[in-house]
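As a plain string of letters, each chain reads:
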Amino acid sequence: MEQNKFHIGLHVSDIERTVVFYQDLFGVEPVKVKTDYAKFELDNPGLVISFIQSPAENILPLFGHLGLRVNSTQHLRDKKQAIEKRLEIALEEDNTACCYAKQDKFWVNDPDGYAWEVYHFKEDVEQKEKKYSASPCC
């Protein structure tokens, strides 16, 4: 029986740059690439994510962010080591209270500015920190 998967579709400005970025972030090849479209299918986490090359006005500047939650501090360190060899880490945060959760995390931005938080959830907290940083948290 096939596992259910979450699906996200994002509008992007340059499909080639986007494919390279997401190959580096996910560590896998896309399952489909066309001149204006690409799709990745991940098993862990269960995700189908597609990218549609579109005019700039279709790319939402106030989208928020996307995230990849890992299961341990060690997995987060391993993921960061692998990713920082190919991509620029935009921000790193340890023991931060974000979205009412204590987390360790780092951020990378795709070619269109979509922010990805790669994080390890530690525990729920009652308040989020009032921080003024480059983090797109909450």
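Keep in mind the model is a prediction, meaning the values are calculated, not measured.

Enquirer: Tell me about the pairing of strand S3 (residues 37–42), and name the residues and values.
Expert: Relative to S3, strand S2 (residues 32–34) runs antiparallel, the two being bridged by 3 bridges. Following the sheet pairing, Val33 is matched in S3 by Ala38. Linking two consecutive strands that pair antiparallel, namely S2 and S3, is a turn of 2 residues. The pairing of S3 with strand S4 (residues 47–53) spans 6 bridges and is antiparallel.

Enquirer: Give a description of the sheet that holds strand S6 (residues 91–98) that names residues and reports values.
Expert: The strand order S5-S8-S7-S6 describes an open sheet built from 4 strands, whose pairing is mixed. If you trace the sheet from one side to the other, it starts and ends with strand S5 (65–70) and S6, each paired once. On average, each strand axis in the sheet is tilted by 30 degrees relative to the strand beside it, whichever way the strands run. Pairing analysis gives 6 bridges linking S5 to strand S8 (residues 115–124), with the strands arranged parallel. The partner of Arg69 across the bridge, within S8, is Tyr119. Helix H1 (residues 15–26) rests against strand S7 (101–109) and S8 of the sheet, and its axis sits at about 25 degrees to S8.

The rules behind the values
Residues numbered from 1 in each chain as written. Predicted model: local features only at pLDDT ≥ 70, side-chain atom pairs only at ≥ 80, totals over all residues. Heavy atoms only, no water. Pairing = 2+ DSSP bridges. Helix = DSSP H or I, 4+ residues; strand = E, 2+ residues; numbered from the N terminus. Axes fitted to C-alpha atoms, helices over the stretch in contact; angles between N-to-C directions. Contact = heavy atoms within 4.5 Å.

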